[in-house]
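Remarks on the overall topology
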Protein chains: 2
Amino acid sequence: MKADKWAPIGVFDSGVGGLTVVREIMRNLPNERIVYFGDTARVPYGSKSRDTVIRYSRQIVRFLQTQQVKAIVIACNTASALALETIEQEIDLPILGVVKPGAQMAVETTRNKRVGVIATESTIQSGLYQKLITQADSEITVYGKPCPLFVPLVEEGWTKDPITEEVARRYLAEILDKKIDTLIMGCTHYPLLRSLLRGVVGEEVTLVNPAYETSQALRRMLLELNLANPGGVDTGQQKYRFFASDGVERFNSFAHSVLPEQISDTRQIQIEEF
Amino acid sequence: MKADKWAPIGVFDSGVGGLTVVREIMRNLPNERIVYFGDTARVPYGSKSRDTVIRYSRQIVRFLQTQQVKAIVIACNTASALALETIEQEIDLPILGVVKPGAQMAVETTRNKRVGVIATESTIQSGLYQKLITQADSEITVYGKPCPLFVPLVEEGWTKDPITEEVARRYLAEILDKKIDTLIMGCTHYPLLRSLLRGVVGEEVTLVNPAYETSQALRRMLLELNLANPGGVDTGQQKYRFFASDGVERFNSFAHSVLPEQISDTRQIQIEEF
């Protein structure tokens, strides 16, 4: 397929969480255009099965292909863990998930070879973070912990709340006992809890944000493939376009709390049709 | 359509919460057979839009019709609030939601004419509990409060937990200040928090469980239509059959905590095909 440097990056997530990845791409690759899709009609993915997440991800990739994207970022840990391997064999486009960049950074960061991962139920059960880290360094031990209440707590807006802190203390007690020195925030909502988590884990534990690492991996991939947008050409299209499968007002209002600029023209599409 | 007393009742919900309604039907209408569908691939509905919930509910009703049900119970407050009115005009079968029976009981129960409703975001926003109650008695004031964290807290198993109690105190503070004497547990998961909620609201507030009221309304409806199952005929089919759109193991394990008997043969179906 013809590589078009000026084409947008397709980014998708089960809902709004992937906007934390969009934020990092906006900051770190300011020339790139983005088409974002949030599957708000079927959110969340974190408690759903591999087959279902693959089926949903395939539909979304087909939709993004209709938008002439030059590359795809799966900005959802669960879909990255469950669907990326299958999907990358099915399409021609370069595609990237958030799990691998997060795992790589954890490998580079840890000194005592003890890494914690917090994520959804399905991401932890997939064992992908664990597998990628121990493949890179078999001396590292990985401790995973599903934290299913974090997403609803963030969506409730309780990101700096004593209740959320109490929940975090309970979830993290076990893996902190293992003396980890690195903790991967393995769900796109969790970076929004960064300062609260910092308080719970203390200063000695490095927090890895896969959203940031993914923007760096995307930069490297685009340069390698000679696909980085040099900027400077007006394509006549909006730089950032947003689509969701449900509730665009709710989507816009959450986006407002994550992104540097307000968005108001999110379009709703029926994703099952793709 | 030919009325068949021995046909099953079709019951559906966005996921597993509707099993609290199944439990009440099993207890109170022990002759009735049940076909249950839980939309675990698209759960939850409580934060989704009316159009999406109607679209999903239509597919489920079409599936239940393939199971030759004699009547349908929407065992989900959100779908009852957003989709029942539309769906009942589209089908021939008798159909019942959980909102109306819950609202009626609240009207009969309140003495001081101050009723609280706790439910999902979408159920509260629909205003249906409020509307039905004030239509029945315009002197009643209804205070609604969305409690989005209750469902994930129940699914985490923290039904008797100080954190959940703290969340409940915060959610309920405002409506308890209004001196309500009746509180509708307007989401199918909430009856699983009954004893915790009892502690928070005190002995003076009557808790209304729409799941129980719905089983009573179903009994009346079946008698009126001459559709009550007299029992005694072996149809050669399982009395209770369960279907879900994803994660049947997870479904079975939650079902085990709600229903009097263990279920193990839940079948997975692809609901978008209906």
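Structure: see above.
Everything in this summary refers to the structure shown in the same document. Computed from a predicted model, the values in this text were never measured in an experiment.

Taking 1.5 Å as the rise per residue, helix α3 (residues 77–88) of chain A with 12 residues should run 16 Å; its terminal C-alpha atoms sit 15 Å apart, in good agreement. Most of α3 of chain A is tucked away: 9 of the 12 residues are buried.

The strands making up a sheet are joined through hydrogen bonds of the backbone, oriented either antiparallel or parallel. All names here are of chain B. Taken in spatial order, the 4 strands line up as β6-β5-β7-β8 in an open sheet, and their pairing is parallel. With partners counted over all chains shown, the strands left at the sheet margins are β6 (141–146) and β8 (206–208), one partner each. The sheet shows a mean angle of 25 degrees between the axes of neighbouring strands, taken without regard to direction. One ladder, built from 4 bridges, connects strand β5 (residues 114–119) with strand β7 (residues 182–185); its direction is parallel. From the neighbouring strand, G116 faces β7, where its bridge partner is L183. Here helix α9 (residues 194–201) sits on the sheet in contact with β5, β7 and β8, set at roughly 145 degrees to β8.

Below, the discussion takes up the sheet that holds strand β10 (residues 267–268) of chain B. Residue and element names in this part refer to chain B. Judged by pairing direction, the sheet is parallel, and its 6 strands sit side by side in the order β4-β3-β1-β2-β9-β10 without closing on themselves. Two strands close off the open sheet at either side, each with one partner strand: β4 (95–97) and β10. When strand β3 (residues 71–74) meets β4, the two strands line up parallel, connected through 3 bridges. Bridging from a neighbouring strand, I74 pairs with G97 of β4. Of the strands in this sheet, β1 (9–13), β2 (34–38), β3 and β9 (240–244) are in contact with helix α2 (residues 50–66), which crosses β1 at around 155 degrees. Running over the sheet, helix α11 (residues 248–258) touches β2, β9 and β10 and is turned about 135 degrees from β9.

Turning next to the interface of chain B and chain A. Counting residues at the interface gives 31 residues for chain B, matched by 31 residues for chain A. Taking both sides of the interface into account, the surface hidden between chain B and chain A amounts to around 2600 Å²; carbon and sulfur atoms contribute 51%. The interface formed by chain B and chain A holds 6 salt bridges in total. Among the salt bridges present, the one from R55 of chain B reaches E272 of chain A, with a minimum N-O distance of 2.5 Å. Linking chain B with chain A are 16 residue pairs in polar contact (both at pLDDT 80 or more). The set of elements that each furnish at least two residues to the side of chain B that touches chain A consists of α2, α7 (150–155) and α8 (162–177) of chain B. Considering each element in turn, the side of chain B that touches chain A owes the most residues, 6 residues, to α8 of chain B. Of the residues assigned to the side of chain B that touches chain A, the class counts are 13 nonpolar, 7 polar and 11 charged.

It is worth spelling out the relation of the copies chain B and chain A at this point. Expressed as a screw operation, the relation of chain B to chain A combines 0.0 Å of axial shift with a rotation of 180 degrees, fitting to an RMSD of 0.0 Å. Taken together, the turn and the small shift mark the pair as related by a two-fold rotation axis. Ranked by how close their C-alpha atoms come to the rotation axis, the residues of chain B are headed by R42 of chain B, at 2.3 Å. With an isologous cut-off of 70% or more, the 100% of interface residues of chain B that recur at the interface of chain A puts this contact in the isologous class.

Before going further, it helps to spend a moment on the packing of helix α4 (residues 99–109) of chain A against helix α6 (residues 128–136) of chain A. All names here are of chain A. Here α4 crosses α6 at 45 degrees, and the two axes come no closer than 9 Å. In terms of orientation, α4 and α6 fall into the oblique class. Regarding α4 and α6, the two cross each other, and that crossing is right-handed. Contacts between α4 and α6 involve V99, K100, G102, A103, A106 and V107 on the former and, on the latter, L128, Y129, L132, I133 and A136. Residues belonging to the contact of α4 with α6 are distributed by class as follows: 9 nonpolar, 1 polar and 1 charged.

Conventions used here
- Residues numbered from 1 in each chain as written.
- Chains lettered and ligands numbered in written order.
- Predicted model: local features only at pLDDT ≥ 70, side-chain atom pairs only at ≥ 80, totals over all residues.
- Heavy atoms only, no water.
- Helix = DSSP H or I, 4+ residues; strand = E, 2+ residues; numbered from the N terminus.
- Expected span 1.5 Å × (residues − 1).
- Buried < 20%, exposed > 50% of the residue type's maximum accessible area, 1.4 Å probe, protein only.
- Pairing = 2+ DSSP bridges.
- Axes fitted to C-alpha atoms, helices over the stretch in contact; angles between N-to-C directions.
- Contact = heavy atoms within 4.5 Å.
- Buried area = accessible area lost by both parts, 1.4 Å probe.
- Salt bridge = Lys/Arg side-chain N within 4 Å of Asp/Glu carboxyl O.
- Polar contact = N/O pair within 3.5 Å; in protein donor to acceptor, adjacent residues only side chain to side chain.
- Nonpolar A, V, L, I, M, F, W, Y, C, P; charged D, E, K, R; others polar.
- Least-squares fit on C-alpha atoms with pLDDT ≥ 70 in both.
- Parallel < 35°, antiparallel > 145°, perpendicular 65-115°, else oblique.
- Left-handed = near helix turned anticlockwise from the far one by under 90°.

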